[in-house]
Amino acid sequence: MTLQDARRVISAAEKKSTELGQPMNIAVADEGGNLVAHVRMDGAWLGSIDISIKKAYTSRAFNIATKDLATHSQSGGQFFGIHASNDGKIMIFAGGIPLEKDGKIVDAIGVSGGSGEEDHAVAEAGAGAF
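Bear in mind that the values here come from a model prediction, so they are computed numbers and not experimental data. (Residues numbered from 1 in each chain as written. Predicted model: local features only at pLDDT ≥ 70, side-chain atom pairs only at ≥ 80, totals over all residues. Heavy atoms only, no water.)

J.: Teacher, can you tell me more about the sheet that holds strand β2 (residues 35-40) here?
T.: Working definition: the strands of a sheet are paired by backbone hydrogen bonds and lie parallel or antiparallel to each other. Strand order in the open sheet formed by four strands is β2-β1-β4-β3, and the pairing between neighbours is antiparallel. The open sheet has two edge strands with one neighbour each: β2 and β3 (96-101). Neighbour to neighbour, the strand axes of the sheet diverge by 20° on average, direction disregarded. By the bridge criterion, five bridges tie strand β1 (residues 25-29) to β2 in an arrangement that is antiparallel. From the neighbouring strand, Ala29 faces β2, where its bridge partner is Leu35. Running at roughly 160° to strand β4 (residues 104-112), helix α2 (residues 47-62) makes contact with β1, β2, β3 and β4 of the sheet. (Pairing = 2+ DSSP bridges. Helix = DSSP H or I, 4+ residues; strand = E, 2+ residues; numbered from the N terminus. Axes fitted to C-alpha atoms, helices over the stretch in contact; angles between N-to-C directions. Contact = heavy atoms within 4.5 Å.)

J.: Sorry if this is basic, but what is going on with the pairing of β3 here?
T.: The two faces of a sheet get side chains in turn, since along a regular strand they alternate between them. As defined by bridge partners, β3 adjoins β4 across six bridges and the pair is classed as antiparallel. Within β4, the residue paired with Pro98 across the bridge is Ala108. Hairpin remark: β3 followed by β4, antiparallel, with two residues in the connecting loop; positive phi at Asp102, about 55°.

J.: How do you make sense of the packing of aromatic side chains when you look at a structure like this?
T.: Two numbers describe a pair of aromatic rings. These are the distance of the centres and the angle of the planes. For the coordinates displayed, the defined rule picks out zero aromatic pairs. A cation sits over an aromatic face here: Lys89 above Tyr57, 3.8 Å from the ring centre. (Phe/Tyr/Trp six-rings, centres within 6.5 Å; stacked < 30°, edge-to-face > 60°. Lys NZ or Arg CZ within 6 Å of the ring centre and 35° of its normal.)

J.: What's the story with the environment of Glu124 in this structure? I'm lost.
T.: Looking at the element boundaries, Glu124 is found in helix α4 (residues 116-128). Note: C-alpha distance between Glu124 and Leu69 (55 residues apart in sequence) is 16 Å.

J.: So what exactly am I meant to see when it comes to the nonpolar core here?
T.: Across soluble globular proteins, you tend to see nonpolar side chains buried next to one another. Val9, Met24, Ile26, Ile109 and Val111 are the most contacted members of the largest nonpolar core, which has 17 residues in total. Mapped by element, the contributors of at least two residues to this core are α1 (3-20), β1, β3, β4 and α4. The element contributing the most residues to this core is α1, with four residues. Counting residues in hydrophobic clusters, the runner-up holds seven residues, among them Leu69, Ala70, Ile82 and Ile90. (Core = buried A, V, L, I, M, F, W, Y, C linked by side-chain atoms within 4.5 Å. Buried < 20%, exposed > 50% of the residue type's maximum accessible area, 1.4 Å probe, protein only.)

J.: I'm lost on the pairing of β4 in this one. Help?
T.: In terms of burial, β4 is a largely internal element, eight of the nine residues being buried. As paired elements, β1 and β4 share five bridges and run antiparallel to each other. Bridging from a neighbouring strand, Ile26 pairs with Val111 of β4.

J.: I keep staring at the pattern of salt bridges and nothing clicks. Help me out?
T.: Think of it this way: side chains of opposite charge can pair up when their charged atoms draw near. Scanning all chains against the criterion turns up four salt bridges. In this structure, Asp119 and Lys55 form a salt bridge, with 2.9 Å as the shortest nitrogen-oxygen distance. Residue Asp119 is found in helix α4, and its partner Lys55 is found in helix α2; the two are separated by 64 residues along the sequence. Overall, Asp119 belongs to the buried group, its relative accessible area being 3%. In this structure Lys55 comes out as buried when scored by relative accessible area, which is 1%. (Salt bridge = Lys/Arg side-chain N within 4 Å of Asp/Glu carboxyl O.)

J.: Sorry if this is basic, but what is going on with the environment of Trp45 here?
T.: The topology assignment puts Trp45 in the loop between β2 and α2. Here the alpha-carbon distance between Trp45 and Asn25, two residues 20 residues apart in the chain, equals 7.6 Å. With residues up to four places along the chain from it excluded, the contact list for Trp45 reads Asn25, Arg40 and Gly113.

Here it is, written out as structure tokens:
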């Protein structure tokens, strides 16, 4: 993931966020789950900065969309309690999506600031630009 790639992903996500009328925090992580770039749109919640970064990390760390991980981490699910792992870096809210290149997961995007559906839609828009 180059900075140029990250900026392209963020730009597409910002466009979708603007269309929805919901300012967002948008984070892009590299193959190791490390932050490459982050944007806090004007008016986006301060508390969502950390959440967006952790969503990107979670998606890359487990190669799964956070909305899918959330489904499996409910009481009785196979990943129940996973949010307490990795020193609290795991987010199980919708809005994190792994990014694929040539059929291999290589990076991730994390978005936070709206409803779960909005966060996921904005992350999908960013992923589509990758």
